[in-house]
Structures are given as structure tokens and as C-alpha cells.
Amino acid sequence: MAEVDDADTYEAFVLGSAVHSQRWLTPARAFIRDNRDVLGMRPVWIFSVGMPAALRGPWKRLVTKEIPVIERDLPAGLAYRGHRLFSGVLTPAQLPRTDRIFFRVVGGRFGDYRDWDAIDAWTAEIAAELTHG
């Protein structure tokens, strides 16, 4: 999003951000705020990258409750056609020591949890909607 010089030149948007503490990163939220008028006139899909696949047990069941929290924190007025929460990559080096310990205590597992089939299927849905919609 930081490389978009003129949002008005795009016909559609697929916007995404990593999620930390159940919210998009500041630059992604700022892009939405700064381009709200253009985004309101175009089809928009959003995605979030968190770590739902890295969790186990009762923590994994809480993941479905994270999506509405993420959506409520987005800048007001963003109309979007769909939102997906995907898992990403998490290594121990990405977290401070206390967070690494907590993550492991709650049953979290470090690793690459990207589901390329799910990502490809979602992007194919978007492409089909744009070409036939």
C-alpha cells in the first residue's frame, strides 16, 4: 500500500495487513483513511494475516471471534465484499522472549501455516467476480 501513488488509477482493491493484537498495522489503516473516497467507489476485498492455524485446543476456538474484532477496528466507512483471515509464518525470532514463552504455554506452534490452496481459491473467486460481475 505504501507504493500506491494514485489510488484513483485502480479499478478494484484487495487490501491486507498482518494482525497484531487483533488489529491491522497502522500503515494499512492509514491507507484506508487516506483513500476512503476512492475505495468507496470501487470493489474492495480485505484479508488479514494472523496465526489461527498455529493455535490448538480452546485457543483455536477463539479464532472465529477475532474476525469481528478486526473488522470493528478498521477505519469507518470501508465497504468491502469479503474478509478472510489467513495464517502466516511465525518464527521465535519474531517475538520477544516473554511472548514466545506465552505463545508456547497456550499451545502455539511456530512455523509456516500459509494455506496456498485457500489463498488461490479466494483470489480465483475475486477474479471471477471481477470478470463476470
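Heads up: the structure comes first, above all this text.
Structure report, in brief.

When helices and strands are counted, the protein chain shows 6 helices and 6 strands. Mapped from its N terminus to its C terminus, the protein chain presents α and β elements in the order β-β-α-α-β-α-α-β-β-α-β-α. Taken along its principal axes, the extent of the C-alpha atoms in the protein chain is 45 × 30 × 25 Å. Buried positions account for 35% of the 133 residues belonging to the protein chain. In the protein chain, once contacts between residues fewer than 6 apart in sequence are set aside, the share between residues at least 24 apart is 72%. By element, 54% of the accessible surface of the protein chain is carried by carbon and sulfur atoms, the whole surface being about 8400 Å². Put simply, the protein chain has 17 plus and 17 minus side-chain charges, and the middle of one group is 13 Å from the middle of the other.

Remark: the centre distance and the inter-plane angle together describe each pair of aromatic rings, the angle taken between the planes. Summed over all chains, the structure comprises 6 aromatic pairs. Considering the side-chain rings of Tyr-10 and Phe-13, the 5.6 Å spacing of their centres and the 40 degrees angle between planes classify their relative orientation as tilted. We classify Tyr-10 as partly exposed; its relative accessible area is 38%. Put simply, the rings of Tyr-10, Phe-13 and Phe-31 pair up and form one aromatic cluster.

A few words on unusual backbone geometry. One non-glycine residue, Ser-21, lies in the positive phi region at around 55 degrees. Tracing the chain through its elements places Ser-21 in the loop between strand 1 (13-20) and strand 2 (23-24). In this structure, Gln-22 takes a positive phi of about 60 degrees despite not being glycine. Relative to the helices and strands, Gln-22 is located in the loop between strand 1 and strand 2. Residue Gln-22 is classed as partly exposed on the basis of its relative accessible area of 35%.

Let's shift gears to the side chain of His-83. Locating His-83 in the fold gives a position in strand 4 (residues 83-87). His-83 sits in the buried class, given a relative accessible area of 14%. Side-chain polar atoms of His-83 contact the side chain of Ser-48, separated by 2.8 Å. For His-83, the side chain forms a polar contact with the side chain of Glu-71, separated by 2.8 Å. Not counting residues up to four positions away in its chain, the partners in contact with His-83 are Ile-46, Phe-47, Ser-48, Ile-67, Ile-70 and Glu-71.

A few words now on the pattern of salt bridges. Using the criterion set out here, one finds 6 salt bridges in the structure. Notably, a salt bridge pairs Arg-29 with Asp-73, separated by 3.8 Å at the nearest N-O pair. Of the two residues, Arg-29 sits in helix 1 (residues 26-34) while Asp-73 sits in helix 4 (residues 63-73), which places them 44 residues apart along the sequence. If you follow the salt bridges from partner to partner, you end up with Arg-23, Arg-29 and Asp-73 in one network.

Turning our eyes to something else, we now look at the nonpolar core. Ranked by size, the top nonpolar core spans 23 residues in total, and within it Phe-13, Leu-15, Trp-24 and Leu-39 carry the most contacts. Where this core is concerned, the elements lending two or more residues are strand 1, helix 1, helix 2 (36-39), strand 3 (44-50) and helix 4. Discounting residues that sit within four places of it in the chain, Phe-13 has contacts with Ala-7, Phe-31, Val-38, Leu-39, Arg-42, Pro-43, Val-44 and Trp-45. Among the nonpolar cores identified, the runner-up in size contains 5 residues, and Phe-86, Ile-119, Trp-122 and Ile-126 belong to it.

Reading the values: the criteria
Residues numbered from 1 in each chain as written. Predicted model: local features only at pLDDT ≥ 70, side-chain atom pairs only at ≥ 80, totals over all residues. Heavy atoms only, no water. Helix = DSSP H or I, 4+ residues; strand = E, 2+ residues; numbered from the N terminus. Buried < 20%, exposed > 50% of the residue type's maximum accessible area, 1.4 Å probe, protein only. Contact = heavy atoms within 4.5 Å. Areas by Shrake-Rupley, 256 points an atom, 1.4 Å probe, with all protein chains shown as cover. Lys, Arg positive; Asp, Glu negative; His and termini not counted. Charge placed at Lys NZ, Arg CZ, Asp CG, Glu CD. Phe/Tyr/Trp six-rings, centres within 6.5 Å; stacked < 30°, edge-to-face > 60°. Polar contact = N/O pair within 3.5 Å; in protein donor to acceptor, adjacent residues only side chain to side chain. Salt bridge = Lys/Arg side-chain N within 4 Å of Asp/Glu carboxyl O. Core = buried A, V, L, I, M, F, W, Y, C linked by side-chain atoms within 4.5 Å.

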